[in-house]
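Summary of the model geometry
So the chains spell out like this:
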Amino acid sequence: MEWLADYLVFLAKAVTVVIAFVAIITMVAAAVRQQRQGYSDRLDVQSLNERYDAFVDTVQDAIADDRGRKQRRKARKAEEKLRKKASKLGKAEHKAKLFVVDFDGDIKASETDALRHEVTAILQTAEPGDEVLLRLESSGGMVHGYGLAASQLARLRDHGVRLTVSVDKVAASGGYMMACVADRICCAPFAIIGSIGVVAQLPNFNRLLREHNVDFELHTAGEYKRTLTMFGENTDEGRAKFQDELEEVHGLFKRFIEQFRPQLDLATVATGEHWFGTRAKELNLVDDVITSDDLLLKASREKSIYQLEFHPQRSLQDRLANAVDSSWKNILRSIRHDSGTTWN
């Protein structure tokens, strides 16, 4: 019996590996086929009203008795028929639209490319009275990346589309630069807001190199082509110039914020500090303390809500790498399950 148990475990592992190998081949073939067919960018649009209605129906069906469930199904069918009939006759109720987009920022503001396409799609379809809600989460990052992301949001205001930014966790530094473009900023009570400042840091290995008799040469054309370096000997003049550059960026940051939120006391809030949501409202960094969930729930009663998500075209190499990575994780997961080993 012990031999049979060992054999069955071995057989299960072997079958798992074969299935995973077949899955990899299938994914590779699908990726190649998509490449040949011209796999392109994709913009997904989902009705959040329908999602909320489905939630309500699911809960009410679960708590109702059999008779109540039957009555609700009949009522839903009748409502659906009336909506379809009104739509055919051109009498369907017209509601203003709320477009929802998400931005989860990293240090490079990598989602800016998707944001620019989402904004373009909205500007091509928005009508008077339509609005945009951006659910923003970012601790900031590179100045030029977040500057471009903020400029994409400014396009909405320039075209007269009202913008609300909602922050549930954090909008700091470059994240707040994006948020301040909005007509209205909302945040959760404990969201981190602010950090209107600029920071730069780098190590210097010059003393370590000298201790090991390693020479480092840096040649530049232009007095301030390189102010500080990681391997050369930094000078007080270079440090002063570098600090001047940081102050210049900070000044641009403050002037940008003042353009969109003139009610702020920049001497108080542009110190590099951050605050939690309730205190941020007292400082006029935000307009309301409310979560994005409550914002959407309130809006769903009077607006048609559509969530937009842009998916850029991925290269064949990226899709093959993702397919192999996913299959490999499935193999490890199966082996871990069979052997009781923990993998991190």
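Description of the structure in this document. What you see is a predicted model, and the numbers here were worked out from it, not measured in a lab.

A few points about the overall build of the chain
Within the chain, the regular secondary structure consists of 12 helices and 10 strands. The proportion of buried residues among the 344 residues of the chain is 33%. Of the contacts made within the chain by residues no fewer than 6 positions apart, 74% connect residues no fewer than 24 positions apart. Working note: accessible area of the chain is about 22300 Å², and carbon and sulfur atoms make up 53% of it.

Regarding the packing of aromatic side chains
By the definition in use, this model includes six aromatic pairs. Here the aromatic rings of Phe 103 and Tyr 146 are separated by 6.4 Å at their centres, their planes lie at 70°, and the arrangement is edge-to-face. Of this pair, Phe 103 sits in strand S2 (residues 97–104) while Tyr 146 sits in helix H5 (residues 143–158); the two residues are 43 residues apart in sequence, bridging distant segments of the chain. Tyr 146 shares its class with Phe 103; the two are buried.

What about a negative patch on the surface?
Taken together, the side chains of Asp 104, Asp 106, Glu 111 and Glu 309 present a region of like negative charge at the surface. With respect to the helices, strands and loops of the structure, Asp 106 is situated in the loop between S2 and helix H4 (112–125).

So, the nonpolar core
Within the largest apolar cluster, 48 residues are counted, with the highest numbers of intra-cluster contacts made by Phe 103, Leu 134, Tyr 176, Met 178, Ile 193 and Leu 285. The biggest single contributor to this core is H5, with six residues. Once residues within four sequence positions are removed from consideration, Ile 193 is found in contact with Val 167, Ala 171, Tyr 176, Cys 187, His 274, Trp 275, Ala 280, Leu 285 and Val 286. One finds Leu 48, Val 100, Leu 133 and Cys 186 within the second-largest nonpolar core, a separate group that totals 11 residues.

Let's talk about unusual backbone geometry
Most peptide bonds take the trans form, and the phi angle of most residues other than glycine is negative. For Ser 195, which is not glycine, the phi dihedral falls at a positive 60°. Looking at the secondary structure, you find Ser 195 in the loop between strand S7 (192–194) and helix H7 (206–211).

Observations regarding a nonpolar patch on the surface
A cluster of nonpolar side chains, namely Leu 202, Phe 205, Leu 208, Phe 216, Leu 218, Met 230 and Phe 231, defines an oily patch on the protein surface of about 580 Å² accessible area. Mapped onto the secondary structure, Leu 218 falls in the loop between H7 and helix H8 (236–260).

Quick notes on the sheet that holds strand S8 (residues 274–276)
Sheet architecture is open: three strands sit in the order S5-S7-S8, paired in mixed fashion. Strands with a single pairing partner mark the edges of an open sheet, and in this sheet they are strand S5 (170–172) and S8. Strand-to-strand twist of the sheet, defined as the mean angle between neighbouring strand axes without regard to direction, takes the value 30°. Judged from the three bridges that link them, S5 and S7 form a sheet pairing that is parallel. Looking at the pairing, Val 170 lines up with Ile 192 of S7.

Thoughts on the pairing of strand S6 (residues 184–187)
Of the pairings in the sheet, the one linking strand S4 (residues 162–167) to S6 comprises four bridges and is parallel in character. By the bridge assignment for S6, Val 167 is matched with Cys 187. Pairing of S6 with strand S9 (residues 288–289) involves two bridges; the strand directions are parallel. Following the sheet pairing, Cys 186 is matched in S9 by Asp 288.

Topic: the sheet that holds strand S10 (residues 304–311)
With mixed pairing, the seven strands of this open sheet are ordered in space as S1-S10-S2-S3-S4-S6-S9. The open sheet has two edge strands, strand S1 (42–47) and S9, and neither has a second partner. With five bridges connecting them, strand S3 (residues 131–137) and S4 associate as parallel partners. When the bridges of S4 are listed, Arg 135 appears paired with Ser 166. Most of the contacts of helix H11 (residues 292–299) go to S3, to which it runs at about 165°, and overall it touches S2, S3, S4, S6 and S10.

Quick look at the packing of H4 against H5
Helix packing for two helices is described by the angle between their axes and how far apart those axes are. Interaxial distance between H4 and H5 falls to 10 Å at its minimum, and their mutual angle equals 10°. Taken together, H4 and H5 sit at an angle that is classed as roughly parallel. In this structure, H4 uses Thr 112, Leu 115, Arg 116, Val 119, Thr 120, Ile 122 and Leu 123 to contact H5, whose residues at the interface are Gly 145, Leu 148, Ala 149, Gln 152, Leu 153, Arg 155 and Leu 156. Along the lines of polarity and charge, the residues of the contact of H4 with H5 split into eight nonpolar, four polar and two charged.

What counts and how
Residues numbered from 1 in each chain as written. Predicted model: local features only at pLDDT ≥ 70, side-chain atom pairs only at ≥ 80, totals over all residues. Heavy atoms only, no water. Helix = DSSP H or I, 4+ residues; strand = E, 2+ residues; numbered from the N terminus. Buried < 20%, exposed > 50% of the residue type's maximum accessible area, 1.4 Å probe, protein only. Contact = heavy atoms within 4.5 Å. Areas by Shrake-Rupley, 256 points an atom, 1.4 Å probe, with all protein chains shown as cover. Phe/Tyr/Trp six-rings, centres within 6.5 Å; stacked < 30°, edge-to-face > 60°. Patch = residues over 30% accessible without salt bridge, like charges linked within 9 Å, V, L, I, M, F, W, Y side chains within 5 Å. Salt bridge = Lys/Arg side-chain N within 4 Å of Asp/Glu carboxyl O. Lys, Arg positive; Asp, Glu negative; His and termini not counted. Charge placed at Lys NZ, Arg CZ, Asp CG, Glu CD. Core = buried A, V, L, I, M, F, W, Y, C linked by side-chain atoms within 4.5 Å. Pairing = 2+ DSSP bridges. Axes fitted to C-alpha atoms, helices over the stretch in contact; angles between N-to-C directions. Parallel < 35°, antiparallel > 145°, perpendicular 65-115°, else oblique. Nonpolar A, V, L, I, M, F, W, Y, C, P; charged D, E, K, R; others polar.

This is a description of form; function is not addressed.
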